[in-house]
Each structure stands twice: as C-alpha cells, then as structure tokens.
2 protein chains.
Amino acid sequence: MKITTNVIILQKASSVKRKSAGEILKTLRVPEATVSRLSIYSRFLERLDKNGITTVSSGEIADGVGVSPAQVRKDLAYFGDFGTRGVGYNVKDLLKYTLKILGLDQEWPLAIVGAGNLGFALCTNRGFSVRGFHIAGVFDNNSTRIGKQIGNLEVKPLAQFPEIAKKENIRIGIIAVRTSLAQEVADIMVKSGMQAILNFSPVTINVPEDIEIRNVDLSIKLELLTFNLGIKTTQSL
Amino acid sequence: MKITTNVIILQKASSVKRKSAGEILKTLRVPEATVSRLSIYSRFLERLDKNGITTVSSGEIADGVGVSPAQVRKDLAYFGDFGTRGVGYNVKDLLKYTLKILGLDQEWPLAIVGAGNLGFALCTNRGFSVRGFHIAGVFDNNSTRIGKQIGNLEVKPLAQFPEIAKKENIRIGIIAVRTSLAQEVADIMVKSGMQAILNFSPVTINVPEDIEIRNVDLSIKLELLTFNLGIKTTQSL
DNA sequence: AATATTATGTGAAAATTACAACAAATGTAA
DNA sequence: TTACATTTGTTGTAATTTTCACATAATATT
C-alpha cells in the first residue's frame, strides 16, 4: 500500500524515475501499452467502486479487462507497490492512484477543431467528462457551423483559436476536421501553444518533436477485422 | 513484383501460410501492428496515386507515415515481394495489393447499433465509404431515434437487427451505445451471426472465441496524452 | 504459536517486435 | 561493357514486452 514512486520526470517519451528502497532514483521506461492498460484498469476500478466492491485482486482485474494477472501486477509495479500480499488491492485507493498517474486528478480543458458530425459527437461524449475532460472551445471555419450552439458552447471561427486557447488555458487540441485540413489545423494548434494533439483524421500529421501527438483512427481497427475475416475464409492473393 | 503469397489460412489470430521459393507453405504469424500499418501505408498510397505518383520507395513511404524504411519492407515482406530492387514499388500495384490483403477488394456492409451522436457521426463518416465500407443498417431502442433518417437510411428498432443483418449479409457490427448497454448489444450481435464486432464503448466486452472483437476507445489516447503532459511538468505522486 | 492459504512484487526466461546491415537485383552512366 | 548508384528482401542482432515462477508478506485456521 506504500508508494515507492515519488518523483516522476520526463526522460524520454515515456520514462519515469522511480524511487527504490535505497532512496536512489532509478530511471525506467514505461511501455505505452502499460499506460493504455492503466486507463482500462482505472475504468474497471470505477465500476467496482460504484458497485461497492472494496478489494480486488490482480486476477480479478485481469479477468475483468482481458489480460493476464502478471500483466496487471507488472503494469502497476512501474509506479509503486499499491497492493497488500495475501489480500489484493484496495479499490478506492488504487483507483485514486491510477487516476493520479494518468494525470486525471485535475480538470483538462480541451479544444476541438471541426464541428461536423464527429466534432459534435466528441463534444457531447459523456466518456470525456466523467474522466475530467471538458470541452472549453469548439472551432470551425465553415460559416454554416459558426455560431451554432453545442450544449452550452458556441462554435467559434478558427481565427479565435489562439485567443480562446490562451484564455481557457487549453493545452490539448483535438483535430476533427476532414483529412485535407488536418495538417493546417495542427499547425495552428502548435502555434497557439498546444502541447498535445489528438488527431481523428486518418492522415499522418507532422509536428515539432516536443509536441505529443496521437491518432485515433476510426477505420484501422475495422480493417484489422476485415483482414481477419479475409484470412478466415481462405482466399488467394 | 512477383507475388509469393498464394494461400492465406487462419492459423491463430493473425497467422498466414506463405508460399516460399521452394513451393512449400510455411506458416508465419503476422503482428497485428503490421496489419494496422498496412492500413496506413495503403491510405498513403492512395494519396500518392491521386497525385499521379507512380513509383515510391520504402524510404518515402516511411517518411510519409512516420516509421522506419526497414519496418515498411519487413511489413510488406510478410505478404510477398511487391517491389523491384533499385527501383522501389509501383504505387498503383502496391495499393491494389495492400487493399487485397486487408480484404478491401470487396464491399463490406456494416450494422451500427446506437443512433446517438457517435452513431450518427459513424454513419456519415466519409472515411468508411472510401475504403469499401457502407452502413447497411442502423439500430436503436430509443423511440425518439427510431424512424429518424440518416442519409438514405432509417433508424430501425434493435429487434429488427437479426432479420436485417441476415438480409443484408452483414458480418460486422459496430457498437455505439452507452457503456451499460454494450454487452447486451454484443450478445444480440453474436446471436445474429456477426463474425466481427467493433466496439466504441469504453468497456471490455465478452464474446465467444471465434468472434473477432476490437475496441476503439476515444479516451485512452487522450489519457496517454495527459500522462505524458503530467510527467513533463514533474509532479509527486 | 505454528501451519496453511492467498496474492503481491520481482527477477529471470521466453516471446515478440523492431532495427541494422548487407547481398542481390535493377537501372544508369561512362 | 563495366562500374556505379539505388533500393529491395532477408538474415542476424538488439531491444522491448510479456510470461513464468517463486520468494515474500499478510491473513486465516488449527
């Protein structure tokens, strides 16, 4: 239950320094997959907590999210000793720790560029708000969309991005425009001081090295499925 | 330019049998990451082709999508010899091959359950249609949504899923309902003969082993970003 | 108090994936 | 025709990630 991790400093893309027993900070790299699984564990723990479950084992987490128990323990071990041998993990505590590790112990204002159907869906997506994200600005350059109300938010012209981003302290931008505009929007985001970008357009975006960028590709997983269905039905190339 | 891959048969999740020079079929497993990158290469090739570019090297593909040239060649080598030494790859041909490998040389009818904002965005998503997917059915149980028109498609009650899925030859289902309904919808899809499921709800779904299921999680990548922004600003746990 | 049971944390082994280096093949220019 | 430049396909190597196995610690039981 004691936390051995005390200081976390960026070394490379996903490296942390972790305090070991001997008080020496050792550097270790955290696989990106580990961080993603942490999100999944975290949401599973939320569900357990909501159902009044107070203690959980690595095996139960593993069953719940579809990984191996060793994987769960290894993933958590990157960040500290959160469990009690012979007992398991305290749900509330572990949930708190995973949220803290993921940086979700604070509110994150987001800016979305693209107020089309996808942008609209993202704005109204409950999944974001329950995890501490809130949309602080929606932008578009299409005059039919500017001024439109989404929830209690008004779609603003893209030109106002820098100003609003600064005022609202936005560090993360979401690209939900069509492919041909994606790079242009990314450039504006970088110029406006965004430190991280989530790109929903199916194209590779170039940004400076110090900007974190990740893609959510709606089609890739679908094409993985058709690949698998394809080889299932035996076909010649 | 000659294709050595002749027969592809499912061995495990992503295994193919590939014909080597000696005419012997050897079994090799294809990393899922390779298949995902193939989707990305494929779309990059589409862009090149549209711009009238006829030849491309592994290095140019690598630069275009942000991986190493060796990775590109290795990925393609799982499926055959598509290039010419000293020259590179023929764009049109390689595009055709990648599409074929991904199973995108045919039309894929899809069924979406959930006609909320996300379901609506997916229905109208241009990215699907350009890759050979088309929505053949949209379903919901919310009476305010049933009967609503999305493009030239009408939202049908969930009860009609099995019937329409069969009539339209749908093998892939998309889950775009809220978390609490996701498993229930998955069960209906399995019962209706879906062979693959794409799940947009942030919860782990259980399906029989022979059903392919993949998740698109809108928040995970966002939380990866906050993790990285978190360690960038040095904080104690 | 001793023993049994449970479940974590971790170091070592195994498996997977990516990278690098180079021989082979192609095209080009002298 | 020969030498040179280019770029693939592939083999071996390195790095990463996952899995395994077990010592360790906490609790329960006799």
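Above this text is the structure in question.
The shown structure was predicted, so the numbers you read here are calculated from the model rather than taken from an experiment.

Calculation criteria
Residues numbered from 1 in each chain as written. Chains lettered and ligands numbered in written order. Predicted model: local features only at pLDDT ≥ 70, side-chain atom pairs only at ≥ 80, totals over all residues. Heavy atoms only, no water. Near = heavy atom within 4 Å. Polar contact = N/O pair within 3.5 Å; in protein donor to acceptor, adjacent residues only side chain to side chain. Helix = DSSP H or I, 4+ residues; strand = E, 2+ residues; numbered from the N terminus. Nonpolar A, V, L, I, M, F, W, Y, C, P; charged D, E, K, R; others polar. Buried < 20%, exposed > 50% of the residue type's maximum accessible area, 1.4 Å probe, protein only. Arc of directions from axis to C-beta. Contact = heavy atoms within 4.5 Å. Phe/Tyr/Trp six-rings, centres within 6.5 Å; stacked < 30°, edge-to-face > 60°.

Asker: Please explain the protein's contact with DNA strand C as it appears in this structure.
Answerer: Taken together, 25 residues are adjacent to DNA strand C, and Ser58, Arg73, Gly83, Gly86 and Tyr89 of chain A come closest. Lysine 74 of chain B places a side-chain nitrogen or oxygen 3.4 Å from a base nitrogen of DNA strand C. If you list the elements that add at least two residues to the surface near DNA strand C, you get α3 (69–77), β5 (83–84) and β6 (88–90) of chain A together with α3 (69–77) of chain B. In terms of residue count, α3 of chain B provides more of the surface near DNA strand C than any other element does, four residues in total.

Asker: Just checking my understanding: could you explain the protein's contact with DNA strand D for this structure?
Answerer: Contacts to DNA strand D come from 24 residues, most closely from Arg37 and Arg85 of chain A together with Ser58, Gly83 and Tyr89 of chain B. Of all atoms in DNA strand D that approach within 4 Å of the protein, 70% are sugar or phosphate atoms. Separating a phosphate oxygen of DNA strand D from a side-chain N or O atom of glutamine 71 of chain A is a distance of 3.4 Å. The contact in question runs from a sugar or linking oxygen of DNA strand D to an N or O atom on the side chain of arginine 85 of chain B, over 2.9 Å. By residue number, the principal contributor to the surface near DNA strand D is α3 of chain A, which donates four residues. Of the residues in the surface near DNA strand D, the class split is six nonpolar, nine polar and nine charged.

Asker: What exactly am I supposed to notice about helix α8 (residues 179–191) of chain B here?
Answerer: Side chains that are three or four residues apart share a direction in an α-helix, a result of its 3.6 residues per turn. All names here are of chain B. Residues of α8 that are buried include every one of Ala182, Val185, Ala186 and Met189, and no others. When α8 is viewed along its axis, its buried side chains cluster within an angular range of 110° and face the same direction. Of the exposed residues in α8, the ones pointing more than 90 degrees away from its buried face are Ser180 and Lys191. At its buried positions, α8 is contacted by β7 (108–113), α7 (161–167), β11 (172–175) and β12 (196–199). Where α8 ends, the next residue or the one after it, glycine 193, has phi of about 90°, a positive value.

Asker: Explain the environment of tyrosine 89 of chain A to me, please; I cannot follow it from the model alone.
Answerer: All names here are of chain A. With respect to the helices and strands, tyrosine 89 occurs in strand β6. When its relative accessible area of 10% is taken as the criterion, tyrosine 89 is described as buried. Sequence separation between tyrosine 89 and serine 57 is 32 residues; the distance between their C-alpha atoms is 5.9 Å. The contact partners of tyrosine 89, leaving out residues within four places of it in the chain, are Thr54, Thr55, Val56, Ser57, Ser58, Arg73, Leu76, Phe82, Gly83 and Leu94.

Asker: It is not clear to me how the packing of aromatic side chains should be interpreted in this structure. Could you clarify?
Answerer: Here the distance between the centres and the angle between the planes together describe a pair of aromatic rings. Tallied over the full model, the rule gives 10 aromatic pairs over all chains. Aromatic pair phenylalanine 128 of chain A and phenylalanine 133 of chain A: ring centres 6.3 Å apart, planes at 75°, arrangement edge-to-face. As far as burial versus exposure is concerned, phenylalanine 128 of chain A and phenylalanine 133 of chain A are alike and both buried. Aromatic rings pair up to connect Tyr78 and Phe79 of chain A together with Phe227 of chain B into one cluster.

Asker: Any chance you could explain the side chain of threonine 98 of chain B here in plain terms?
Answerer: All names here are of chain B. Tracing the backbone shows threonine 98 in helix α4 (residues 91–101). What makes threonine 98 buried here is its relative accessible area of 1%. When sequence neighbours within four positions are dropped, the list of residues in contact with threonine 98 reads Leu38, Ser42 and Leu45.

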